[in-house]
Each structure stands twice: as C-alpha cells, then as structure tokens.
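What follows is each chain in one-letter form.
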Amino acid sequence: MSCKELVEVVTDYLEGVLSSQDRARFEEHLGQCPGCQTYLEQMRQVIHTLGKLNEDSIPPGAWETLQQAFRNWKRAQ
Ligand SMILES: [Zn+2]
C-alpha cells in the first residue's frame, strides 16, 4: 500500500469497515511509515474532537483550517 492509498482509506480504517485484507495491508504500511503513523494519529484526534463537539461549539473557520492542513499534508507526501 502507498501513502496516497492509505490516506484515501484512512476513514474506512477508523470506522472499521475495511476488509481484513486491506486492513492487513494498511497496518503493514503503517508499521514502516512514520509519516502515516502521525497522520493516523492526527485523524483520530480530529474525529475524537469533532465527535465531542456539536457544530455550534466549533470556532468559526476551524474546520476549514483543519481540512486545509490535511490537504497540505497530502501534497507534501
Ligand atoms: Zn506512508
């Protein structure tokens, strides 16, 4: 699995809907790629944070800023 592929399926992984085969490939890549480990950890934190907040309590622009940060991260790979 490539970094690009991992980024594309990361939400499926976190939701637990990846097939066992893809999950194994995901974790194999993760084991040898510190960049993707960091990315996964950031995604976990964002999902955790957003899951706890309702939309009204997210500061204006915060979600856009996060999305932009992830787009930049993907481009850097
Ligand atoms: Zn990677």
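Nothing here was measured: the structure is a model prediction, and the numbers come from that model.

Peer 1: Which parts of the structure should I look at to understand the nonpolar core?
Peer 2: Judged by nonpolar contacts, the single largest core of 15 residues is most densely connected at Leu6, Val10, Phe26, Leu30, Tyr39 and Leu40. Among the elements of the structure, α1 (3-15), α2 (20-31) and α3 (34-52) are those that each provide at least two residues to this core.

Peer 1: Just checking my understanding: could you explain the confidence of the model for the chain for this structure?
Peer 2: Predicted coordinates in areas of low pLDDT are best not read in detail. When pLDDT is averaged along the chain, the result is 83; 79% of the residues meet or exceed 70. Per-element confidence in the chain is highest for α2, whose mean pLDDT is 97, and lowest for helix α4 (residues 62-76), whose mean pLDDT is 71.

Peer 1: Just checking my understanding: could you explain the coordination of the zinc ion for this structure?
Peer 2: Each donor-metal-donor angle in an ideal tetrahedron of four donors is 109.5 degrees, and each such angle in an ideal octahedron of six donors is either 90 or 180 degrees. Protein ligation of the zinc ion involves Cys3 (SG), His29 (NE2), Cys33 (SG) and Cys36 (SG), the donor distances falling in the range 1.9 to 2.3 Å. Sequence spacing among the residues donating to the zinc ion works out to C-x25-H-x3-C-x2-C. Owing to a relative accessible area of 9%, His29 belongs among the buried residues under this scheme. A relative accessible area of 12% means that Cys33 is categorised as buried.

Parameters and conventions
- Residues numbered from 1 in each chain as written.
- Predicted model: local features only at pLDDT ≥ 70, side-chain atom pairs only at ≥ 80, totals over all residues.
- Heavy atoms only, no water.
- Core = buried A, V, L, I, M, F, W, Y, C linked by side-chain atoms within 4.5 Å.
- Buried < 20%, exposed > 50% of the residue type's maximum accessible area, 1.4 Å probe, protein only.
- Helix = DSSP H or I, 4+ residues; strand = E, 2+ residues; numbered from the N terminus.
- pLDDT = per-residue confidence, 0-100.
- Donors = N, O, S within 2.8 Å, 3.2 Å for Na, K, Ca; no water.

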